[in-house]
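Structural description and commentary
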Amino acid sequence: MTNNNVPVQEIFPRDPSRTYGLMELVKGTSPMVDKGPEDTVMSWPNLLVLELLAALGTTVVLLLWSAFVKAPLRELANPNVTENPAKAAWYFLSLQELLLHMHPVLAGLVMPGLVIVLLMAIPYIDRSKKDVGKWFASKKGRKIAFWSGVYTFACLIGLVLFDEFIRVRSIVSQPEAVPGWIIPVFVNAGLILLLYRAIRRWRPSRREVLVGLFTAFTVTYFTLTIVGVFFRGLGMHLVWPWDLPPGALPF
Amino acid sequence: MTTGNGSIADFITRNRIWRSIFRQGYPDNDENRAKAIVNSWFLHIHPVKVKVHSLKLTYTWGLGIISFVLFLILIVTGAWLMFFYVPSVQSAYTDVQNLETAVTFGALMRSLHRWSAHLMVVVVFLHMCRVFFTGAYKHPREFNWVIGVLLWVVTMVLSFTGYLLPWDQLSYWAVTVSTNIVGSFPLIGEPLRRLLLGAAEAGQPALVRFYALHIIVLPAIMVILIGIHFWRIRKDGGLSSPAEASENGNDKQ
Ligand code: HEM
C-alpha cells in the first residue's frame, strides 16, 4: 500500500540558515523506501474545483445540445410494418454488422463473449508494473498502436466491401457451416494472427502487444459502428450516407 | 478555526447552524480542508490529499468523473420522466407525445435524458480506453478494471432497455432485432428470448419487463458497481501514476 501520510517536510522542518547533508542510504522496508518527497496537494480545493467544473461543463453542454436537438420519436410501434432497414441501437450496430457476415451465434454470442472475457483478462496477462501511467507505454507502443489501427481499418473495409460486392455466399453457400462459421473464423483468426506476428517483429513487451491488440479492438468497434450507422441502407446494403433512406439513422 | 477577520465567509461559517451541519469552519487552512472532506458524507469518498499527477487533465481527461456526472443527470431526469410515463402499450407512446407537446419542460427533460444516455455510452468507452492506454489496469488495480468492464456492459444494457420505452417504431424494431439475435442461440436462445420478452413477440409483457429492468434493477446494479469502483480506487492507493512504475522490485527500469 502506498503510504503518503508522513509529510517529510514536517519531520525535518527546512531552515534556510542551515545546510544539510545526506548522511546515509539505508536499505529497508519502510513505506518511504524508493519514494521521492511527497507530491500531493489537498483535495479541497484542488480536486473538488476540477470535479465541479467537470459537472458544470457537462451540464451546460447537455442543456445546449438538448435545447437545440430534440430526442427523436417515430410513429407508434407497429408489428405489421417492418422498418427497413431495421437497426439496433447504435452501440450494438457493430454486432449487427457482424451478423451480416457470419452465423448469429458467432456474431451475437461468441464474439462479444470473447471480447468481454479477453478485456477482463488484460490485467492478468500483463502483470509487470513497467511504464504504469505512461500513455501507450513507450514510443514503440505508440507506433504499434498506430500501425495496428491502420491495418485493422484497412482489413475491415476490405472485408465489408468484399462481402457486399463479391459475397462469400455466392462463392460457397453449402453447407451452411462454411460461410456461417468456418470462413469467418479462419479469416478473422488469420488476420489477428498476422497482426500478432507483425507486432512481434517490433520485439515488444507484453504490454505493447496488448496495446496493438486493444487498438485493433477499438478500431473494429469504431469502424463497424460507423459503417452500420451511416453506410447501411435498405436491406442493410451499403449506400453512401447521403443516399440513406429517410429514418435509417438509428437516433 | 476560522479566519476571525469579520469577513462574510467568517460570518456565515461561525455560527451554530453552520457548525451543526458542517462540523468545521471555512476550509482556509489544511486542518479544515482535511475535515471538509472527512466530515462530509458526500465528500468522504475522496482522499484528503491527492497526487498532483492525478489532477493532470491530459492523464484522465476527466472521463471517469464525466461518466459519473452523466449517470447523475440520468437519474434526475429519469425520475422526472417517470412522473409522466406509464409502461403500457396503450399509453406509453401518447405519454411520450404529451411530454413533447403538453408537459412544461417535457421536451427538454426527455432530450436531456436521451442525449445523456448516448453520451454516457461514448464517455464510458473512452474512459476505458484511457485506462487501458495509460496502463492503469496494472497491479493492484486488476480487479477495478474487471469491475470497469462490467460497468461498460451494464451502461449499454441500461441504455438499451430504455430504448424500448417510447414504444415507437425505432424502439420496437431495435428490440425485435436484438432479441432475435438472442433467440438464435442454440438451446438457451429461445427460452432466453422469451424470458426477456415475456411472450413470443415484443408486447405488453416485454414493455413492463424492460421498464422494471430500466428503472430499478439495472440502476441498482450500476450504483453498487460504481460504489465498489470508487471504493477500490481509494483502496488501490488513488489513481495510478508513473511514480509507481519503479515501486515493483522485480521489474525496475
Ligand atoms: C459508469 C461507468 C464508470 C464510472 C462512473 C467510472 C468512474 C471512474 C472515476 C471517477 C475514476 C477516477 C479517475 C478518472 O476519472 O479516470 C475512475 C478510474 C478508473 N476506472 Fe472507471 N468508471 C467507469 C467505468 C470504467 C470502465 C468501463 C473501466 C475499464 C474497463 C474502468 C476502469 C477504471 C480504472 C482501472 C480506474 C483507475 C485508474 C487509475 O488508477 O489511473 N472504469 N473511474
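Use the structure listed above.
Heads up: these notes are all about the structure in this document. Since the structure is predicted, the reported quantities are computational estimates derived from the model, not experimental observations.

Calculation criteria
- Each chain carries its own residue numbering, running from 1 in the written order of its sequence.
- Lettering of chains starts at A and numbering of ligands starts at 1, both following the order in which they are written.
- Reporting of local features is limited, given that this is a predicted model, to residues whose pLDDT is at least 70; pairs of side-chain atoms are given and counted only at 80 or more, and all residues count toward the totals for whole chains, interfaces and linings.
- Here the side-chain values reflect all heavy atoms present in the structure, with hydrogen atoms and water set aside.
- Strands here mean DSSP runs of E at least two residues long; helices mean DSSP runs of H or I at least four residues long; both are numbered from the N terminus.
- Relative accessibility thresholds used throughout: buried, under 20% of the residue-type maximum; exposed, over 50%; partly exposed, between the two (1.4 Å probe, protein chains only).
- Under the rule applied, a polar contact is a pair of N or O atoms within 3.5 Å (in protein, one hydrogen donor and one hydrogen acceptor; residues adjacent in sequence only if both atoms are side-chain atoms).
- The criterion used for residue contact is that any of the two residues' heavy atoms lie within 4.5 Å.
- In this scheme, a helix's expected span is set at 1.5 Å multiplied by one less than its residue total.
- By definition, a residue's bend is the angle between the axes fitted to the seven residues ending there and the seven starting there.
- Any nitrogen, oxygen or sulfur atom within 2.8 Å of a metal ion counts as a donor, with the limit raised to 3.2 Å for Na, K and Ca, and since water is left out, coordination shells can look unfinished.
- Key to geometry: four donors with every angle between 85 and 135 degrees are tetrahedral; four donors are square planar and six octahedral where opposite donors lie over 155 degrees apart and all remaining angles lie between 65 and 115; all other sites are irregular.
- Axis definition: a line fitted to C-alpha atoms, over the contacting stretch in the case of helices. Angles run 0 to 180 degrees between N-to-C directions.
- Between 65 and 115 degrees an angle is taken as roughly perpendicular, under 35 as roughly parallel, over 145 as roughly antiparallel, and anywhere else as oblique.
- Side-chain classes are defined by residue name, with Ala, Val, Leu, Ile, Met, Phe, Trp, Tyr, Cys and Pro counting as nonpolar, Asp, Glu, Lys and Arg as charged, and the others, Gly among them, as polar.
- The term salt bridge refers to a side-chain nitrogen of Lys or Arg lying within 4 Å of a carboxyl oxygen of Asp or Glu.
- Think of it this way: one heavy atom of a residue within 4 Å of a molecule or strand is enough to make that residue near it.
- Here a cavity denotes grid points, spaced 1 Å and computed from the protein atoms alone, that fit a 1.4 Å probe unable to get out, and a pocket denotes an open set having protein on both sides within 12 Å along at least 5 of 7 lines; residues with an atom within 4 Å of a point are the lining.
- Grid points are joined across faces, edges and corners, and a volume is the space filled by probe spheres set on the points.
- By definition, the buried area sums, over both parts, the 1.4 Å-probe accessible area that each loses when the two are put together.

Some thoughts on the side chain of T161 of chain B
Residues and elements named next belong to chain B. Considering the arrangement of structural elements, one finds T161 in helix α8 (residues 142–163). What makes T161 buried here is its relative accessible area of 3%. There is a polar contact of 3.1 Å between the side chain of T161 and the side chain of H214. Those residues in contact with T161, other than ones at most four positions away along the chain, are F210, L213, H214 and L218.

Considerations on helix α4 (residues 104–125) of chain A
All names here are of chain A. With 22 residues, α4 extends 29 Å between its outermost C-alpha atoms, agreeing within 8% with the 32 Å of an ideal straight helix rising 1.5 Å per residue. At L119, α4 is deflected by roughly 30°, the largest bend along its length, and proline P123 occurs up to four residues later in sequence. Listing the buried residues of α4 in full gives V105, L106, A107, G108, P112, L119, I122 and P123.

Regarding the coordination of the iron atom of the ligand
Residue and element names in this part refer to chain B. Taken together, H127 (NE2) and H229 (NE2) make up the full set of protein donors to the iron atom of the ligand, lying 2.0 to 2.1 Å away. Classification of the site at the iron atom of the ligand as octahedral follows from its six donor atoms and the range of 87 to 179° in their angles at the metal. Taken together, the residues H127 in helix α7 (residues 106–133) and H229 in helix α11 (residues 204–235) connect sequence positions 102 residues apart. By the burial criterion, H127 is buried, and H229 matches it.

A few points about the packing of α4 of chain A against helix α7 (residues 177–200) of chain A
To characterise two packed helices, one gives the angle between the axes of the helices and the distance between these axes. All names here are of chain A. The geometry of α4 relative to α7 is characterised by a closest axis approach of 10 Å and an angle of 40° between their N-to-C directions. Between α4 and α7, the angle falls in the class oblique. Contacts from V105, L106, V110 and M111 of α4 reach α7 at G180, W181, P184, V185 and N188. Among the residues making up the contact of α4 with α7, the classes are represented as seven nonpolar, two polar and no charged.

Details of unusual backbone geometry
Apart from glycine, the bulk of residues carry a negative phi angle, and the bulk of peptide bonds sit in the trans form. Residues and elements named next belong to chain A. At the junction of N84 and P85, the peptide bond is cis and its omega measures out at 0° in the coordinates. Here P85 is to be found in the loop between α2 (43–68) and α3 (93–101). The residue after Q174, namely P175, is reached through a cis peptide bond having omega -15°. By the secondary structure assignment, P175 is in the loop between α6 (168–171) and α7. The backbone phi angle of D131 is positive, close to 60°, even though this residue is not glycine. Look at D131 and you get buried, because its relative accessible area is 16%.

Focus on the pattern of salt bridges
In the structure shown here, the tally under the stated rule is 16 salt bridges over all chains. The partner of E100 of chain B in a salt bridge is K70 of chain A, and the shortest N-O contact between them spans 3.0 Å. Of the two residues, E100 of chain B is situated in helix α6 (residues 92–101) and K70 of chain A in the loop between α2 and α3; the pairing between them involves two chains. Across the pair E100 of chain B and R110 of chain B runs a salt bridge, and its minimum N-O distance is 2.5 Å. Remark: R110 of chain B occurs in helix α7 and E100 of chain B occurs in helix α6; sequence separation between them is ten residues. Across the pair, exposure class does not vary: E100 of chain B and R110 of chain B are buried alike. Through salt bridges with shared partners, a single network forms among K129 of chain A together with K51, R141 and E244 of chain B.

What to know about the site of the ligand
Residues and elements named next belong to chain B. Around the ligand, the surrounding shell holds 24 residues, and the nearest of these are H127, R130, G148, H229 and S240. With respect to the ligand, the side chain of R141 contributes an N or O atom lying 3.0 Å from an oxygen atom. The separation between an oxygen atom of the ligand and a polar side-chain atom of S240 is 2.6 Å. Listing elements by their share of the shell around the ligand, those giving two or more residues are α5 (63–82), α7, α8 and α11. Ranked by the residues each element gives to the shell around the ligand, the list is headed by α7, at six residues. Tallied by class, residues from the shell around the ligand come to 15 nonpolar, seven polar and two charged.

Section: α7 of chain A
Side chains that are three or four residues apart share a direction in an α-helix, a result of its 3.6 residues per turn. All names here are of chain A. In this model α7 runs 32 Å from its N-terminal to its C-terminal C-alpha over 24 residues, within 8% of the 34 Å that 1.5 Å per residue would give. At I183, α7 is deflected by roughly 30°, the largest bend along its length, and proline P184 occurs up to four residues later in sequence. Within the span of α7, buried status applies to V178, P179, G180, P184, L195 and I199. Taken together, the buried residues of α7 touch α3, α4, α5 (139–165), α6 and α8 (206–230).

Some remarks on empty space enclosed by the protein
Summed over all chains, the structure comprises two cavities of 30 Å³ or more. Computed from the structure, the largest cavity encloses a volume of approximately 70 Å³. Lining the largest cavity, in full, are R74, E83, P85, A86, K87, G247, A248, L249 and P250 of chain A together with Q169, L170 and W173 of chain B.

Regarding the interface of chain A and chain B
Size of an interface: often given as the accessible area lost when the parts come together. Taken together, the 80 residues of chain A in the interface contact 89 residues of chain B. Taken together, the two surfaces of chain A and chain B that pack against each other cover about 8000 Å², and 72% of this comes from carbon and sulfur. Applying the counting criterion to the chain A and chain B interface returns three salt bridges. For D126 of chain A, the salt bridge is made with K138 of chain B, and the minimal N-O distance between the two is 3.0 Å. Put simply, chain A and chain B have 33 residue pairs in polar contact (both at pLDDT 80 or more) between them.

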